[in-house]
Amino acid sequence: MNSTFRHRRLTAAALAALALAGTATACGSGSDGGSNTADSGTYTIWDPYPQFDKSSAWAKLLDSCGTEAGVKVKRTAFDTSDLSNKALLAAQQDNSADVLIVDNPVVSTLAEAGVLTTTDDNKLDTSKVDPNLLAAGQSGGKTYGTPIGANTLALYYNKDVLKKAGVDVASIKDWASLTAALAKVDKAGKKGITFSAIGTEEGSFQFLPWFWGSGAQLTQLDSAEGASALALWSDWLKKGYAPNSVINNTQTTSWQEFASGDYAFAENGTWQLANAKKAGFDYGVLPIPGAKGGNAAAPTGGEFVTLPVQSDTDRYATSQKLVACLTNTDHLYDTDTTLSYVAPTSEVQAKQIAANAELKPWVDAVKAARGRTSDDLGTKYPKISEQMWKAVQSALSGSKSPKDALAAAQSAVK
């Protein structure tokens with residue numbers, strides 16, 4: 001192990017990046033306490049799943065992995081943003097957890113701050129992980145951890161609304177055919193599409209499939225392709241195909257609009273599957289189309305399992321065993337089912353589809369997905385994202401044209 005991190009002073013930029021990076025909505029708390037415990041046979045795991053208590057399948061899996069590794073596991077659950085900041089502070093004090101499970105956009109920030117070990121150092125096996133998902137945990141040519149699972153965005157649709165409007169969902173293959181479907185729905189007296197364009201990371205998260213689907217890149221927000229994506233959303237509002245409420249919608253309030261039964265489409269994620277089954281109407285799911293066809297790349301959500309830097313390097317071998325247990329093929333299936341995630345490996349994805357055919361469009365969407373910090377953006381992403389959501393707000397409110405809004409965003413990023 002060549003790590004030399006010792007009480008490194010963490011920068012304000014790193015803390016600011018963490019404040020912008022998370023999209024989680026769950027809240028929770030847990031007792032502090034990293035790996036420096038008097039009981040060397042106890043290994044600490046910090047995770048962002050406060051919704052799972054000690055009796056949950058997740059907590060039992062952690063305990064069983066500890067037993068398998070011959071140690072006791074002390075688990076602490078935090079809200080995502082709280083966990084990220086706690087990880088930075090613990091690293092300052094050389095008191096990091098042995099295993100840290102964090103939202104994937106945070107990985108590059110923690111890596112840049114010197115908090116995480118690389119897979120070259122910790123010997124985690126990532127050979128079976130889909131490359132597009134692993135990219136979210138890569139920075140500077142190195143990989144930090146492995147994904148435990150992924151979620152992403154797709155389009156839910158109301159089968160009854162589309163049938164009454166005379167829309168065949170199989171005809172929707174690109175932006176033009178989707179807009180044509182919205183026009184038919186509007187003519188039939190129903191509502192078109194709802195999504196979240198709120199001025200936070202959620203708004204950027206939901207805009208990214210359209211931005212990437214246009215062929216645009218995050219390194220150039222003001223490209224003609226990017227402007228065409230923002231113009232698409234803006235035109236939908238002007239024509240009444242999407243409600244003005246999207247400007248303030250979170251992904252939760254957007255879903256509530258769709259659940260009313262009046263909308264043909266809603267952009268949302270895998271985490272709404274349970275709610276979809278309770279909606280009281282037949283629904284389907286299709287990947288978000290690219291501008292000229294094919295599946296657009298949607299951003300990946302989900303967490304990475306990482307090994308923080310420890311001053312006692314002898315702990316790494318056991319920590320690696322814990323992570324290997326959590327992410328092996330058998331446990332991944334159970335874990336990702338519990339978390340409503342698509343697995344990060346093709347082998348387990350096939351097992352998920354075999355057990356539940358409704359997951360097929362989600363697996364397709366995840367295979368086309370991209371990490372928000374991919375392309376080696378790392379800690380640059382939060383600033384880019386902030387300017388993106390501001391541009392979306394400006395264009396949808398009518399204060400600026402899509403072209404001017406993105407030009408101002410690109411100027412601010414520079």
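Residues numbered from 1 in each chain as written. Predicted model: local features only at pLDDT ≥ 70, side-chain atom pairs only at ≥ 80, totals over all residues. Heavy atoms only, no water.

Peer 1: Can you explain the state of the cysteines? Please cite residues and give values.
Peer 2: Under the definition given, this model contains one disulfide. Cys65 shares a disulfide with Cys325; S-S distance 2.0 Å. Residues Cys65 and Cys325 are joined by a disulfide whose S-S torsion is about -80°; by sign, that bridge is left-handed. With Cys65 in helix H2 (residues 57-69) and Cys325 in helix H13 (residues 316-326), the pair connects residues that are 260 residues apart, well separated along the chain. Across the pair, Cys325 and Cys65 agree in class, each one buried. (Disulfide = S-S within 2.5 Å. Helix = DSSP H or I, 4+ residues; strand = E, 2+ residues; numbered from the N terminus. Buried < 20%, exposed > 50% of the residue type's maximum accessible area, 1.4 Å probe, protein only.)

Peer 1: Outline the environment of Gln220, supporting the account with residue identities and numerical values.
Peer 2: Assignment of secondary structure puts Gln220 in the loop between helix H9 (201-213) and helix H10 (224-239). Sequence separation between Gln220 and Ala343 is 123 residues; the distance between their C-alpha atoms is 31 Å. Beyond its immediate stretch of four places on either side in the chain, Gln220 contacts Phe211 and Gln410. (Contact = heavy atoms within 4.5 Å.)

Peer 1: Which residues make up the pairing of strand E9 (residues 263-269), and what values go with them?
Peer 2: The element E9 is largely enclosed, with a buried count of seven among its seven residues. With five bridges joining them, strand E7 (residues 153-158) and E9 adopt antiparallel strand pairing. Directly across from Leu153, in E9, lies its bridge partner Gly269. Sheet topology places strand E8 (residues 191-194) next to E9; three bridges connect them, and they run parallel. Paired with Lys191 across the bridge in E9 is Tyr263. (Pairing = 2+ DSSP bridges.)

Peer 1: Describe the side chain of Asn151, naming the residues involved and giving the relevant values.
Peer 2: Here Asn151 is to be found in the loop between strand E6 (146-147) and E7. A relative accessible area of 10% places Asn151 in the buried class.

Peer 1: Give me the lowdown on the packing of helix H15 (residues 346-355) against helix H16 (residues 360-367), citing residues and values where you can.
Peer 2: Orientation of H15 relative to H16, taken along the N-to-C sense of each, is 160°, at an axis distance of 9 Å. Judged by the inter-axis angle, H15 sits roughly antiparallel to H16. Considering the relative orientation of H15 and H16, their crossing is right-handed. The residues of H16 that touch H15, namely those facing Ser346, Gln349 and Ile353, are Lys360, Val363, Val366 and Lys367. Of the residues contributing to the contact of H15 with H16, the split by class is three nonpolar, two polar and two charged. (Axes fitted to C-alpha atoms, helices over the stretch in contact; angles between N-to-C directions. Parallel < 35°, antiparallel > 145°, perpendicular 65-115°, else oblique. Left-handed = near helix turned anticlockwise from the far one by under 90°. Nonpolar A, V, L, I, M, F, W, Y, C, P; charged D, E, K, R; others polar.)

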